[in-house]
Amino acid sequence: MAKIDITEKVVSLAKRRGFVFQSSEIYGGLNGCWDYGPLGVELLKNVKEAWWKEMTFRENIEGIDASILMHPKVWEASGHVENFTDPMVDCKECKARFREDTLEEAECGNKAYKGRKAGKCRKEGKFTEARNFNLMFKTYLGALEDKDAIVYLRPETAQGIYVNFLNVKESSRQKLPFGIAQIGKAFRNEINTKNFLFRTREFEQMEMQFFINPNEDEKWFEYWKENRINWFVKYGINRDKLNIHVHEKLAHYAKAAVDIEFAFPFGWGEIEGIHNRTDFDLKRHSEFSGKKIEYFDDQTKERYIPFVIETSAGASRSFMAFLLNAYEEEQIARENLDGSKAANEARTVLRLHPALAPIKAAIFPLVNRDGMPEIAHKLTEDLRKDFKVFFDDSGAVGRRYRRQDECGTPFCITVDSDTLNDNTVTIRDRDSMVQERIHIEKTIQFLKEKI
Ligand code: ATP
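Residues numbered from 1 in each chain as written. Predicted model: local features only at pLDDT ≥ 70, side-chain atom pairs only at ≥ 80, totals over all residues. Heavy atoms only, no water.

Draft legend 1. Seen up close, the environment of Ala77. One can find Ala77 in helix H3 (residues 72–77). Ala77 sits 202 residues away from Asp279 along the chain, and the two C-alpha atoms are 13 Å apart. For Ala77, the residues in contact, after removing those within four places along its chain, are Arg284, His285 and Phe288. (Helix = DSSP H or I, 4+ residues; strand = E, 2+ residues; numbered from the N terminus. Contact = heavy atoms within 4.5 Å.)

What follows is the structure in structure tokens.
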């Protein structure tokens, strides 16, 4: 039997359960763009919130939210106008377009040659010479569409941080070392998009730029590398599915660079980059803006341009990694109403960390009579004040569990006939499927502790 790529299963579950839809699907979709559905928007929000808390719930990191459109000079200073390019080639035979550096893994565009790698076509001389293609999306500011009105959709959020370094330092009275964090959309006109959310044209980044004394760069680089790996592990990614890739070849401004990679079904793929960017960015913005950007240390009386340690994660790529990491199919004994087990059946479960799970608990009345729905509705309303919860009274309880397993809901709470006598409910754990009975008034406390 052909091995089905797990990505295909996750894409199908994502659509079925309302995590991710193709953008503009009814019009045939728009390449490289995706929409987050009711569960997806919750998961994405939770990923971003977990990151935001990790970064900004500390004394020496401030948050900002800069605008997507920035002064065009920003992108000259940053080097993006000149260098943010990928080498592009076209196949003279089938007309498919590729990023030259991905030809070895890419599939030939001619459907007649199923499974053939584009690298083979290259050897046969089918490609045009490589041309540099700038990945920034251009648009015009104001009514006149002339070259002076050109602005770009930002290809990264980092520049919004650098140009606000002085504003943040002065308004927050921070002293070095300190960081500035930002989450936001970024746009890249990628030559090829593929692998679901991995490479898209519109995506979200979570970036934190940490400004330091140049003498301390190695220490802080190590610190952030460890911190960022630990964050992914804390939220459930198996350590053996993470790899640190050390860059041998560095960008001209970087002193050190590593990628945190996740074991995607297609191979290792970067989910976050950690870079020692030296004083390159602040220096360039100083030169291009004419505004002095530097730091005065009142203890040592030194004046210098800070170095930057950058942590740059994709929110949408991390979202995909969290989904793939959580996805599991297993054979289990069927759960009967009384908690006992019967014949084997298959279940699909998303073992998402409770803090990331879109829905924290589902509440079921065992049957739709004897006052059980009323108690379950009341419990749902009580829990809803603190948590995203879901009420479900349709179908057998086993079926309801299965639906929630696929959504990654960590807890299911059932109101049954015992509830009528002693005010207890069962709480069933998604991963172990173990049920315990607790007093209905303790459910809030229970969820708070687990989440
Ligand atoms: P790649 O080599 O995969 O194109 P990159 O090295 O250009 O990535 P960075 O510029 O370091 O990526 O961006 C930081 C993070 O932003 C990446 O680790 C990734 O998680 C995310 N990212 C970058 N490009 C995309 C994209 N096209 N779609 C989704 N996420 C992206």
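Draft legend 2. Quick look at the nonpolar core. Phe19 and Trp231 are the most contacted members of the largest nonpolar core, which totals 55 residues. Among the elements that line this core, the one with the most residues is helix H10 (residues 315–326), at 8 residues. Grouped together as the second largest cluster of nonpolar side chains are 18 residues, Phe387, Val415, Ile440 and Phe446 included. (Core = buried A, V, L, I, M, F, W, Y, C linked by side-chain atoms within 4.5 Å. Buried < 20%, exposed > 50% of the residue type's maximum accessible area, 1.4 Å probe, protein only.)

Draft legend 3. Region of the structure containing the sheet that holds strand S6 (residues 131–134). Spatially, 3 strands are ordered S5-S4-S6 in an open sheet, and the strand pairing comes out antiparallel. Every other strand in the sheet has two partners, leaving strand S5 (97–99) and S6 as the edge strands with one partner each. Each neighbouring strand pair of the sheet contributes to a mean axis angle of 45°, computed without reference to strand direction. Summarising the sheet, strand S4 (residues 85–90) and S5 pair through 3 bridges and their orientation is antiparallel. Within S5, the position partnered with Asp90 by the bridge is Arg97. (Pairing = 2+ DSSP bridges. Axes fitted to C-alpha atoms, helices over the stretch in contact; angles between N-to-C directions.)

Draft legend 4. Representation of the domain arrangement of the protein in the model. Per the domain assignment, the segments of the protein are domain 1 (3–70 + 153–323) and domain 2 (359–450). Relative placement of domain 1 and domain 2: their C-alpha centres are 37 Å apart. If you look at the interface, domain 1 gives 7 residues, while domain 2 gives 6 residues. At the boundary of domain 1 with domain 2, total buried surface from both sides reaches about 560 Å², with 52% on carbon and sulfur atoms. It is Arg17, Leu39 and Glu42 in domain 1 that bury the most area against domain 2; as a group they hold 65% of the surface buried on that side. Viewed at the interface, domain 2 and domain 1 are joined by 3 salt bridges. A salt bridge links Arg16 to Glu406, with the shortest nitrogen-to-oxygen separation between them at 2.8 Å. (Domains from an automatic or database assignment. Buried area = accessible area lost by both parts, 1.4 Å probe. Salt bridge = Lys/Arg side-chain N within 4 Å of Asp/Glu carboxyl O.)

Draft legend 5. Summary view of the site of the ligand. Taken together, 14 residues are adjacent to the ligand, and Arg188, Glu190, Arg199, Thr200 and Glu270 come closest. One of the backbone nitrogen or oxygen atoms of Ile271 is found 3.0 Å away from an oxygen atom of the ligand. Between an oxygen atom of the ligand and a side-chain N or O atom of Arg317, the distance comes to 3.0 Å. Here the ligand, which alone exposes 590 Å², has 83% of that area covered by the protein. Looking at the shell around the ligand, the elements that each hand over two or more residues are strand S10 (202–212), strand S13 (267–276) and strand S16 (307–314). In terms of residues, the shell around the ligand owes the most to one element, S13, which gives 3 residues. Residue classes in the shell around the ligand are distributed as 4 nonpolar, 4 polar and 6 charged. (Near = heavy atom within 4 Å. Polar contact = N/O pair within 3.5 Å; in protein donor to acceptor, adjacent residues only side chain to side chain. Areas by Shrake-Rupley, 256 points an atom, 1.4 Å probe, with all protein chains shown as cover. Nonpolar A, V, L, I, M, F, W, Y, C, P; charged D, E, K, R; others polar.)

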